[in-house]
Amino acid sequence: MGYIDTLKLGDKVATREAYGKALCELGETEDFVVLDADLAEATKTCYFKKAFPDRFFDCGIAEGNMIGVAAGLAAAGRRVFASSFAMFAAGRAFEQIRNSVAYPRLNVNVCATHAGITVGEDGATHQCLEDLALMRTLPGMTVINPSDAVEGALALKAVLELDTPCYVRYGRYAVPVIHDPATYKFELGKADPVREGSDATIIATGIMVAMAMEAAEKLAAEGISVRVLNMHTIKPLDVAAVEAAARETGAIVTAEEHNIIGGLGSAVAEAVGETCPVPVLRVGVADEFGRSGKVPPLLELYGLTAEKIIEKVKDSITLK
Amino acid sequence: METATLSHLQHQAAMIRLGILDGTHAASSGHPGGSLSIADILSYLYFAEMRVDPANPAWEDRDRLVLSKGHAAPALYAALACRGYFPFEDLKTLRRVDSCLQGHPDMKHIPGVDMSSGSLGQGISAACGMALAAKLAGKDYRVYTIVGDGESEEGQVWEALMFAARYDLDNLCVIFDWNGLQIDGPIDQIVNPAPYDKKLEGFGFHVINMDAHDFGQIENAFSEAKTVKGRPTAVIAKSIKGKGVSYMENQVKWHGSAPNDELYAKAVEEIKAQL
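To start, this report covers the structure provided alongside it.

## Some words on the overall build of chain A
Across its full length, chain A carries 13 helices and 14 strands. A compact globule built from 320 residues would reach a C-alpha radius of gyration of about 20 Å, and chain A, at 19 Å, matches this within 12%. Taken along its principal axes, the extent of the C-alpha atoms in chain A is 60 × 40 × 35 Å. By the burial criterion, 63% of the 320 residues in chain A qualify as buried. Nonlocal contacts in chain A, meaning residues at least 24 apart in sequence, comprise 79% of its contacts between residues at least 6 apart. Carbon together with sulfur atoms contributes 53% to the accessible area of chain A, which is approximately 11,600 Å² in total. The centroid of the 31 positive side-chain charges in chain A is displaced by 1 Å from the centroid of its 43 negative side-chain charges.

Following this line, the structure appears as structure tokens:
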């Protein structure tokens, strides 16, 4: 029985946990190297470290060097995963990822945890709300934001099969399992159709997918039929699914645990603008920094809720 | 060193210098000063030291060179051309929009370039990754990286040095091109990284000092580096920026500007006199 088979719908599991467990499981049959920057206990690469100490290298608190080392390993033909918090992987080491990994198109998988506001108490300096924007501007970079533990584990397997640079975004906070591990098929670059609907479409990513499902349920009770797409792959974006949503439902609301600038909302707006212009409203952090706090009040404070999505869906329909 | 070997290395170094001048003159841009300072080291590495096969640039067991100071690309390209990776004539296409010879090294399109580099401080980290990969695979190839003295103001260089020492990368040789000048002036007037030897010893390296333009010393340094086990080696290469072209030597203005037709002709004349 594999790790994802231990997961059940509704379980609350942080996607970082799925990352760590899936990495360790894949390590049994696949030959790759894992790097971390003194955060193995937090990023959950600690499981791999314990099981395969000969293939784990702690680079210390030096993320720029870690990415460079990953690039060198990849240039010498090794598959490699490099982990840190999103802030320090995509943020601090952005230029190393750009010039040492993306430009030479090396097979490095940057798996960042502690993305978004759900870092919680550590506050703004550690709550990365810009990583999707930064990573998706890089040519040839695949960017994935899993919505739950099942998808987090399956995404890892998918990126291992790619030989180009990848960024996978994981979270610290325990979130509900929304995919049935027995039946869910993760297809990289293809939107996961969560719910059919005709009045508008919610395109959500990461932890916001569960909230989008809740919002759609409540809207249905009010007689509003909403399609929900889980956009786990931010890049390459499933433009066909976005265009179909625009054409068939006439209004779109995006939802992401990220600044509304540059992430999923921007990617969708770009695609909609170029294929089938319709209203696109964005739910996300409204160009602000985060702050310390428990996760539920933070989500409330920054408007990352099903209620906010419902409000935006209604607004989007009035704009049709 | 045997006279014939010395003469061969000197000849290749002069050819590398000609290639640097051909490229930067044709491009009307580029970095001749810091390229000329490493010409002798590259001559030795590519013609006497490194296990490479120009017919098979991707050979898994080859020794690798990462030019961390990527702006010295004209020197690397010239060395690769001299070694037979591509025609010497191609050097004149440096930085041209239809050429593969990018302003800074591009591993995807230039035969023989082992790592894309140019953003300072990054190449040495990649070199560490390659050296680690060799250890993991049980291969005996060696990895050389050339870091600029100005480049060593980047914190990432010291992150990489700590990593190399921590993981006992004795197959890694870090060459510091100590030519003493950076864009804004003499390095000791900017943010002086000296003394290198004491710092590098403190960082866990076996340290070798050499004159970057004396082939006897270069040979001794790289021979010694290969015998060091259990820790990486740093070669502090005291060099002259612009070496070999009289009016460029120790002149900071030749860090990043190319000679015009007249000065190019003068430089070529000086180098050809060494052939």
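From this point, the discussion proceeds with the structure in view.
## Some remarks on the environment of A:Val159
Residues and elements named next belong to chain A. Structurally, Val159 is set in helix H8 (residues 149-161). The class for Val159 is buried, based on a relative accessible area of 0%. Placed 10 residues apart in sequence, Val159 and Arg169 show a C-alpha to C-alpha distance of 12 Å.

## Let's talk about the pairing of strand S2 (residues 143-148) of chain B
Residue and element names in this part refer to chain B. In terms of burial, S2 is a largely internal element, 6 of the 6 residues being buried. By the alternation rule, side chains of S2 split into Val143, Thr145 and Val147 and Tyr144, Ile146 and Gly148, which are all buried. Pairing of strand S1 (residues 64-67) with S2, which is carried by 4 bridges, proceeds in the parallel orientation. Note that in S2 the partner of Leu67 across the bridge is Ile146. Bridging between S2 and strand S3 (residues 172-178) involves 6 bridges; their strand directions are parallel. Note that in S3 the partner of Thr145 across the bridge is Val174. Once you follow S2 into helix H6 (residues 155-166) and on to S3, the crossover reads as right-handed.

## Quick notes on the pairing of strand S4 (residues 80-85) of chain A
Residue and element names in this part refer to chain A. Counting buried positions over the 6 residues of S4 gives 6, a clear majority of the element. Relative to strand S5 (residues 108-113), S4 runs parallel, the two sharing 6 bridges. Its bridge partner being in S5, Ser83 is matched across the sheet by Cys111.

## Section: the environment of B:Ala131
Residue and element names in this part refer to chain B. By the element assignment, Ala131 lies in helix H5 (residues 123-137). Judged by relative accessible area, Ala131 falls into the buried class, the value being 0%. Measuring from C-alpha to C-alpha, the distance between Ala131 and Leu172 comes to 5.9 Å, with 41 residues separating the pair along the chain. Apart from residues lying up to four places away in sequence, Ala131 is in contact with Val143, Leu169, Asn171 and Leu172.

## A few points about the packing of helix H10 (residues 239-249) of chain A against helix H11 (residues 264-275) of chain A
Residue and element names in this part refer to chain A. Put simply, H10 and H11 touch, their axes get as near as 9 Å, and they point 65 degrees apart. Classed by the angle they form, the pair H10 and H11 counts as roughly perpendicular. Classified by chirality, the crossing of H11 by H10 is right-handed. Of the residues in H11, those in contact with Val239, Val242, Glu243, Ala246 and Arg247 of H10 are Val268, Ala271, Val272 and Thr275. Each residue belonging to the contact of H10 with H11 can be placed in one class, and the counts come to 6 nonpolar, 1 polar and 2 charged.

## Some remarks on the interface of chain A and chain B
Contacts between the two partners involve 25 residues from chain A and, on the opposite side, 26 residues from chain B. For the pair chain A and chain B, the summed buried area comes to about 1,900 Å², and 61% of that belongs to carbon and sulfur atoms. Summed over the shared surface of chain A and chain B, the result is 0 salt bridges. For the side of chain A that touches chain B, the elements supplying multiple residues, two or more each, are strand S3 (56-58), helix H4 (63-75) and helix H6 (94-102) of chain A. With 9 residues, H4(A) is the largest single contributor of residues to the side of chain A that touches chain B. Across the side of chain A that touches chain B, the residue classes break down as 12 nonpolar, 7 polar and 6 charged.

## A look at H8(A)
Residue and element names in this part refer to chain A. In a regular helix each residue adds 1.5 Å, so 13 residues correspond to 18 Å; H8 covers 19 Å between its end C-alpha atoms and thus fits that length. Of all 13 residues in H8, 11 are buried; the element is thus mostly enclosed. Residues Ala149, Val150, Glu151, Gly152, Ala153, Leu154, Ala155, Leu156, Ala158, Val159 and Leu160 constitute the buried set of H8. The opening residue of H8 is Asp148, an N-cap whose side-chain oxygen sits 3.3 Å from the backbone nitrogen of Val150.

## Here we look at the packing of H4(A) against H6(A)
All names here are of chain A. Running from amino to carboxyl end, H4 crosses H6 at an angle of 10 degrees, the nearest separation of the two axes being 9 Å. It follows that H4 is roughly parallel to H6 by the angle criterion. From H4, Gly64, Ile67 and Ala71 reach across to H6, where they touch Gln96, Ile97, Ser100 and Val101. Of the residues in the contact of H4 with H6, the class split is 4 nonpolar, 3 polar and no charged.

Rules behind the numbers
- Residues numbered from 1 in each chain as written.
- Chains lettered and ligands numbered in written order.
- Predicted model: local features only at pLDDT ≥ 70, side-chain atom pairs only at ≥ 80, totals over all residues.
- Heavy atoms only, no water.
- Helix = DSSP H or I, 4+ residues; strand = E, 2+ residues; numbered from the N terminus.
- Rg over C-alpha atoms; globule rule 2.2 N^0.38 Å.
- Buried < 20%, exposed > 50% of the residue type's maximum accessible area, 1.4 Å probe, protein only.
- Contact = heavy atoms within 4.5 Å.
- Areas by Shrake-Rupley, 256 points an atom, 1.4 Å probe, with all protein chains shown as cover.
- Lys, Arg positive; Asp, Glu negative; His and termini not counted.
- Charge placed at Lys NZ, Arg CZ, Asp CG, Glu CD.
- Pairing = 2+ DSSP bridges.
- Right-handed = clockwise from strand over helix to strand, strands pointing away.
- Axes fitted to C-alpha atoms, helices over the stretch in contact; angles between N-to-C directions.
- Parallel < 35°, antiparallel > 145°, perpendicular 65-115°, else oblique.
- Left-handed = near helix turned anticlockwise from the far one by under 90°.
- Nonpolar A, V, L, I, M, F, W, Y, C, P; charged D, E, K, R; others polar.
- Buried area = accessible area lost by both parts, 1.4 Å probe.
- Salt bridge = Lys/Arg side-chain N within 4 Å of Asp/Glu carboxyl O.
- Expected span 1.5 Å × (residues − 1).
- Polar contact = N/O pair within 3.5 Å; in protein donor to acceptor, adjacent residues only side chain to side chain.

This is a description of form; function is not addressed.
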